[in-house]
Amino acid sequence: GEEVAQTPKHLVRGEGQKAKLYCAPIKGHSYVFWYQQVLKNEFKFLISFQNENVFDETGMPKERFSAKCLPNSPCSLEIQATKLEDSAVYFCASSQIPGETQYFGPGTRLLVL
Amino acid sequence: SQQGEEDPQALSIQEGENATMNCSYKTSINNLQWYRQNSGRGLVHLILIRSNEREKHSGRLRVTLDTSKKSSSLLITASRAADTASYFCATLTQGGSEKLVFGKGTKLTVNP
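One structure accompanies this document, and this report is about it.

Each value, and the rule that gives it
Residues numbered from 1 in each chain as written. Chains lettered and ligands numbered in written order. Predicted model: local features only at pLDDT ≥ 70, side-chain atom pairs only at ≥ 80, totals over all residues. Heavy atoms only, no water. Contact = heavy atoms within 4.5 Å. Buried area = accessible area lost by both parts, 1.4 Å probe. Salt bridge = Lys/Arg side-chain N within 4 Å of Asp/Glu carboxyl O. Polar contact = N/O pair within 3.5 Å; in protein donor to acceptor, adjacent residues only side chain to side chain. Helix = DSSP H or I, 4+ residues; strand = E, 2+ residues; numbered from the N terminus. Nonpolar A, V, L, I, M, F, W, Y, C, P; charged D, E, K, R; others polar. Pairing = 2+ DSSP bridges. Axes fitted to C-alpha atoms, helices over the stretch in contact; angles between N-to-C directions. Phe/Tyr/Trp six-rings, centres within 6.5 Å; stacked < 30°, edge-to-face > 60°. Buried < 20%, exposed > 50% of the residue type's maximum accessible area, 1.4 Å probe, protein only. Disulfide = S-S within 2.5 Å.

**Looking at the interface of chain A and chain B**
Thinking step 1. In this assembly, 21 residues from chain A lie in contact with 22 residues from chain B.
Thinking step 2. Carbon and sulfur atoms make up 54% of the surface buried where chain A meets chain B, a total of about 1,700 Å² over both sides.
Thinking step 3. Of all residues in chain A, the largest losses of buried area upon contact with chain B belong to Phe43, Gly99 and Phe104 of chain A, amounting jointly to 29% of the total for that side.
Thinking step 4. At the junction of chain A and chain B, the tally comes to 2 salt bridges.
Thinking step 5. A salt bridge links arginine 50 of chain B to glutamate 100 of chain A, with the shortest nitrogen-to-oxygen separation between them at 2.8 Å.
Thinking step 6. At the boundary of chain A with chain B, the tally comes to 7 residue pairs in polar contact (both at pLDDT 80 or more).
Thinking step 7. Every element with two or more residues in the side of chain A that touches chain B is listed here: strand 4 (31–38), strand 5 (42–50) and strand 6 (53–56) of chain A.
Thinking step 8. Of the residues that constitute the side of chain A that touches chain B, the class distribution is 9 nonpolar, 7 polar and 5 charged.

Given below as structure tokens:
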């Protein structure tokens, strides 16, 4: 597609439950990025992919967060055993050329109660 | 960690006035990008300026980059109520990782 698509728009989970978010990058874009935005301002980089390979995972809290980008499937970000502080908007972005413009999806708003 | 720091944190102006937002960063960069975020929505890419460029224009937007001072500014001329949004600078640092490092943003309100 011409836009980055993210589903669901909203997700509510009880503390300790699993959350799974999906992202379909723009067709032809090889690079996918996940960012977390807390409190409407601070963005935190989580992980990036080049096609199905992890490119940079320095931002991932590895004990509970995992992500995949498999061929012919949307990319996914999964949080096992969610915590209150995981409440945030999770954005996916894609780019065609590394280091160039990243195009962002509309985000998934996760609320952990 | 956040590299960019936007200044001011909030800005309120009248329609027709110009709005200037500043961004400072700490490390050497490949490029700097400005994004707009309307309330509760995704990020819209506005402009990308490379480390070897000093100024760039796009419509009513003018971006400058001073790598010696590690700072950038975004000027919106003849502002409109529809420009009301939060504006973020994001840097792509030298060294191989393609992740963007965002500032905390400037919340711009344009009053009709």
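**Quick word on the sheet that holds strand 6 (residues 55–58) of chain B**
Strand pairing in a sheet takes place through backbone hydrogen bonds and is either antiparallel or parallel in direction.
Residues and elements named next belong to chain B.
Thinking step 1. Here we have 5 strands laid out as an open sheet, ordered 1-3-8-7-6, and antiparallel in their pairing. What marks the edges here is a single partner per strand, and that holds for strand 1 (5–7) and strand 6. Across the sheet, the axes of successive neighbouring strands diverge by a mean angle of 15 degrees, strand direction being ignored.
Thinking step 2. When strand 1 meets strand 3 (residues 19–24), the two strands line up antiparallel, connected through 3 bridges. Among the inter-strand pairings, glutamate 5 is bridged to a residue of strand 3, identified as serine 24.

**Topic: the packing of aromatic side chains**
Any pair of aromatic rings gets described here by the distance separating the centres and the angle formed by the planes.
Residue and element names in this part refer to chain A.
Thinking step 1. Going through the model one piece at a time under the given rule, you end up with 13 aromatic pairs over all chains.
Thinking step 2. Between tyrosine 35 and phenylalanine 104 the ring centres are 5.5 Å apart and the planes differ by 35 degrees, which places this aromatic pair in the tilted class. Of this pair, tyrosine 35 sits in strand 4 while phenylalanine 104 is found in strand 10 (residues 103–104), placing the two residues 69 residues apart along the sequence. When sorted by exposure, tyrosine 35 lands in the same class as phenylalanine 104, which is buried.

**Re the pattern of salt bridges**
Thinking step 1. Counting across every chain of the model gives 9 salt bridges over all chains.
Thinking step 2. Across the pair glutamate 55 of chain B and arginine 62 of chain B runs a salt bridge, and its minimum N-O distance is 3.1 Å.
Thinking step 3. Through salt bridges with shared partners, one network takes in Lys18, Lys20 and Glu78 of chain A.

**Section: the environment of serine 66 of chain A**
Residue and element names in this part refer to chain A.
Thinking step 1. Here serine 66 is to be found in strand 7 (residues 65–68).
Thinking step 2. On the accessibility criterion, serine 66 (34% relative accessible area) is partly exposed.
Thinking step 3. For the pair serine 66 and glutamine 6, spaced 60 residues apart in sequence, the C-alpha separation works out to 17 Å.
Thinking step 4. Not counting the four nearest positions on each side in its chain, serine 66 is found in contact with Met60, Ser76, Leu77 and Glu78.

**Points about the pairing of strand 9 (residues 88–95) of chain A**
Residues and elements named next belong to chain A.
Thinking step 1. Among the 8 residues of strand 9, 8 are classified as buried, and the element is accordingly described as predominantly covered.
Thinking step 2. Alternating residues of strand 9 divide into Ala88, Tyr90, Cys92 and Ser94 and Val89, Phe91, Ala93 and Ser95, and every residue in both groups is buried.
Thinking step 3. Pairing geometry for strand 4 and strand 9, over 7 bridges, is antiparallel. In the sheet register, tyrosine 31 faces strand 9, and the bridge partner there is serine 95.
Thinking step 4. Pairing geometry for strand 9 and strand 11 (residues 108–112), over 3 bridges, is antiparallel. Its bridge partner lying in strand 11, valine 89 is registered against arginine 109.

**Let's talk about the state of the cysteines**
Simply put, disulfide is the name for a covalent bond between the sulfur atoms of two cysteines.
Residue and element names in this part refer to chain A.
Thinking step 1. Scanning the entire structure with this criterion turns up 3 disulfides over all chains.
Thinking step 2. There is a disulfide in this structure between cysteine 23 and cysteine 92, and the S-S distance comes to 1.8 Å. What sets the handedness of the cysteine 23 and cysteine 92 disulfide is the S-S torsion sign, and at about -55 degrees it is left-handed. With cysteine 23 in strand 3 (residues 19–24) and cysteine 92 in strand 9, the pair connects residues that are 69 residues apart, well separated along the chain.
Thinking step 3. Residue classification places cysteine 23 among the buried positions, given a relative accessible area of 0%.
Thinking step 4. Residue classification places cysteine 92 among the buried residues on the basis of a relative accessible area of 0%.

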